Amino acid sequence: MNIEHEPHFLCRWGQETLLLDGNVYFFPPNSSASFLGKKPSEEISWDTDTLRSSVIPVLESYISKNGKPADWPDFSPIKDAKEEIKMNSRTINKYFLVIENENSTTGREVQLDAVSVSTYYVRRKIDNKVVEPRLYLLSSSRAPDIFLKESNSHSTLTSIMMKMSGTEKRSQLSEEEIKEAEKPLNSHQVNDEAVHAADLLQGLRYSFYNEIGLKKFIKDKSLIALKNFIHQLYLHLDIDSDLTSSLSQLDDWIETKLDENLITHNEWRDKIQIIFYNILPTSTEFVGCAGSKSHLRGYPCSLWTLFHVMTVHSSYMSKLAKNDPPKVLMAMKGYVKYFFGCTECCKNFLKMAKNVEDDVRGDQEALWLWRSHNRVNKRLKGTPSEDPTHVKLQFPSRILCWSCQKRSNQFRVSNVVEYLKKRYAKAHIIMDHPKRKLFIHNSKSVLFLSQFDVGFCIVFYIASVFLIVCVYIYFWRKRACCRKVLPKRKYLSQP
Ligand SMILES: Cc1cc2nc3c(=O)[nH]c(=O)nc-3n(C[C@H](O)[C@H](O)[C@H](O)COP(=O)(O)OP(=O)(O)OC[C@H]3O[C@@H](n4cnc5c(N)ncnc54)[C@H](O)[C@@H]3O)c2cc1C
């Protein structure tokens, strides 16, 4: 479906057209040139996000009255996908299935997206237990079907489909985007769209041991910068309660060192080892930030990711006053200035961030960082620091967010904000960091016992004491009763 802006808003899909001139008109298949369109009885939304889904009832109503034109997608849900493949295997290259509940329109929207790609076949199947629509690539052989993605957004599912090569929408993509789309698809790349907690923790590990941990002394301005950075991490790296609690301990400890105005290399290392014993990874591998060669991507990628997670949290998830200073950006600036090992990066970043204190407010931090990162991407495009398997694009590419860019390559900022929130918010981060077992070093554990064990012991202890007291009261009262009753009996038994 194309949306064009001149001479009217034209929403064209195949031969059928919806003309939007303040009203919405439907042009059924084979309409004559003089036909001026019919106003559908169904309500059509003007909101670009819901326009597509509100067109579906119009099309379905046409199909129910006139039958389905040959080149329209089949919206009716299927029961047996394998049977369908058998019937169509000669003409169809890729067969996709969207499993969704009956209230979802996503599957039909994806079907509309695939209309221009004749070798794709998309059908939908209803399963009311499914909450978010799930996209599968079906296999005609007996091999298992491949689960690709779960999402409510048709553009997310469509972009995954387009990654499966052979797309005929190439004309709408830049050369770099085509390269990106043609990467062989495996589970790792499907998750390119997501942020991995493993990368965030790997970034922290590198920063704590290989950047801050390399300083002989931390004092004066670098100590203040460290304090601010750790405090902002504690406030805005909200991905795991154990991590937050460790960052809080570190933050408190640094606070106690401010009077002394000194943290030595050994003090820092010892503290990090104790506080983050159970939290930071022991391996040095990146997941989403893994480069095709050892010198590419890795730590700088994870640092950007960390910064984006923090700014998205501070701008959109925390209750910041709109006019607050940009504390996360200021803390990042301090970190880059005093600890980031890449001198050139530091020089360029400080130049960009020269006036952030005055120019940016608390709720604009995420957008400022997004724009600045794109400027860096533009500058580094084609340089040796570009990983050929992850070319530098203006982010998010159309493959990641179809609706974020206009045809003119300019961004739709409101859609970018929504995309950033989705990508960098806690709910969407893949929690793939293996935790090490709690051990005596972790201050939150007591002699090999986890927090849960300790809590359980306390409850058990209180319950036992309560039971003993009850039993004691019971026997005490029984004895008291006996004492009262016995003399009476004695008295009664006397002749
Ligand atoms: C503060 C800083 C400054 C740097 N300055 C330089 C420099 O001057 N010269 C130099 O050679 N290298 C610099 N680097 C390193 C460089 O920017 C890349 O990090 C490195 O080349 C690795 O690139 P990458 O492909 O992993 O993606 P990165 O650019 O590291 O991006 C990491 C991930 O963030 C996402 N992303 C990309 N762009 C955006 C965006 N605009 N908004 C939100 N998310 C986005 C993507 O998913 C990407 O995979 C800097 C790094 C940092 C952290």
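About the cut-offs
Residues numbered from 1 in each chain as written. Predicted model: local features only at pLDDT ≥ 70, side-chain atom pairs only at ≥ 80, totals over all residues. Heavy atoms only, no water. Near = heavy atom within 4 Å. Polar contact = N/O pair within 3.5 Å; in protein donor to acceptor, adjacent residues only side chain to side chain. Areas by Shrake-Rupley, 256 points an atom, 1.4 Å probe, with all protein chains shown as cover. Helix = DSSP H or I, 4+ residues; strand = E, 2+ residues; numbered from the N terminus. Nonpolar A, V, L, I, M, F, W, Y, C, P; charged D, E, K, R; others polar. Phe/Tyr/Trp six-rings, centres within 6.5 Å; stacked < 30°, edge-to-face > 60°. Buried < 20%, exposed > 50% of the residue type's maximum accessible area, 1.4 Å probe, protein only. Lys NZ or Arg CZ within 6 Å of the ring centre and 35° of its normal. Axes fitted to C-alpha atoms, helices over the stretch in contact; angles between N-to-C directions. Parallel < 35°, antiparallel > 145°, perpendicular 65-115°, else oblique. Left-handed = near helix turned anticlockwise from the far one by under 90°. Contact = heavy atoms within 4.5 Å. Core = buried A, V, L, I, M, F, W, Y, C linked by side-chain atoms within 4.5 Å. Disulfide = S-S within 2.5 Å. pLDDT = per-residue confidence, 0-100. Salt bridge = Lys/Arg side-chain N within 4 Å of Asp/Glu carboxyl O.

## A word on the site of the ligand
Lining the immediate environment of the ligand, one finds 24 residues, of which Arg 297, Asn 348, Lys 392, Arg 423 and Tyr 424 sit closest. Interatomic distance of 3.0 Å between a side-chain N/O atom of Asn 377 and a nitrogen atom of the ligand. Burial of the ligand by the surrounding chains reaches 91%, relative to a free accessible area of 950 Å². Those elements giving two or more residues to the shell around the ligand turn out to be helix H11 (299–317), helix H13 (343–352), helix H15 (365–380) and helix H16 (413–424). Ranked by the residues each element gives to the shell around the ligand, the list is headed by H15, at seven residues. The residue makeup of the shell around the ligand, split by class, is 12 nonpolar, seven polar and five charged.

## Some details on the packing of aromatic side chains
Within this structure, the stated rule accounts for 12 aromatic pairs. Aromatic pair Trp 370 and Phe 411: ring centres 5.1 Å apart, planes at 80 degrees, arrangement edge-to-face. One end of the pair, Trp 370, is in helix H15; the other, Phe 411, is in the loop between H15 and H16, with 41 residues separating them in the sequence. Phe 411 carries the same exposure label as Trp 370, and that label is buried. In this structure an aromatic cluster arises from ring pairing among Tyr 206, Tyr 299 and Phe 340. Sitting over the ring of Tyr 316, Lys 421 keeps its end group 5.2 Å from the ring centre.

## Regarding the packing of helix H8 (residues 220–236) against helix H9 (residues 241–257)
Two elements in contact, H8 and H9, have axes separated by 9 Å at closest approach and are oriented at 155 degrees. Considering their axes alone, H8 and H9 lie roughly antiparallel with respect to each other. The interaxial crossing formed by H8 with H9 has left-handed handedness. Of H9, the residues touching H8 (which contributes Leu 223, Leu 226, Lys 227, Ile 230, His 231, Leu 233 and Tyr 234) are Thr 244, Leu 247, Ser 248, Leu 250, Asp 251, Ile 254, Glu 255 and Lys 257. Among the residues forming the contact of H8 with H9, the class breakdown is eight nonpolar, three polar and four charged.

## Structural notes on the nonpolar core
Phe 208, Leu 233, Leu 237, Leu 250, Trp 268 and Phe 276 are the most contacted members of the largest nonpolar core, which has 71 residues in total. Among the elements that line this core, the one with the most residues is H11, at nine residues. With residues up to four places along the chain from it excluded, the contact list for Leu 233 reads Leu 204, Phe 208, Leu 247, Leu 306 and Met 310.

## Points about the state of the cysteines
Within the structure shown, the criterion is met by three disulfides. Across the disulfide from Cys 289 sits Cys 301; the S-S distance is 2.1 Å. Classification of the bridge connecting Cys 289 and Cys 301 rests on its S-S torsion, roughly -65 degrees, and on that basis the disulfide is left-handed. With Cys 289 in the loop between helix H10 (265–275) and H11 and Cys 301 in helix H11, this pair connects stretches of sequence that are 12 residues apart. Note that Cys 401 is cross-linked by a disulfide to Cys 404, the S-S spacing being 2.1 Å. Taking the torsion about the S-S bond as the criterion, the Cys 401 to Cys 404 disulfide, at about 75 degrees, is right-handed. In this structure, Cys 401 and Cys 404 share a single accessibility class: buried. In the protein, the bonded cysteines, numbered by position in the sequence, are linked as 1-2, 3-4, 5-6. Residue Cys 346 stays outside any disulfide, its sulfur separated by 8.1 Å from that of Cys 342, the closest cysteine.

## Observations regarding the confidence of the model for the protein
Per-residue confidence for the protein gives a mean pLDDT of 80; residues scoring 70 or more make up 74%. Every residue in residues 1–21 is under pLDDT 50, and counting partners more than four places away or in other chains gives 55 contacts.

## Some thoughts on the pattern of salt bridges
Between side chains of opposite charge, a pair can form when the charged atoms approach closely. Scanning the model with the defined rule gives 10 salt bridges in all. In this structure, the salt-bridge partner of Arg 108 is Glu 60, at a minimum N-O distance of 2.9 Å. Here Arg 108 is found in helix H3 (residues 106–113), whereas its partner Glu 60 is found in helix H1 (residues 48–66), with 48 residues between them in sequence. For the salt bridge of Asp 74 with Arg 123, the shortest nitrogen-to-oxygen distance reads 3.4 Å. Pair noted here: Asp 74 is in the loop between H1 and helix H2 (81–88) and Arg 123 is in strand S6 (residues 120–126), with a separation of 49 residues, a long-range link. Through salt bridges that share partners, Lys 227, Asp 251 and Glu 255 make up one connected network.

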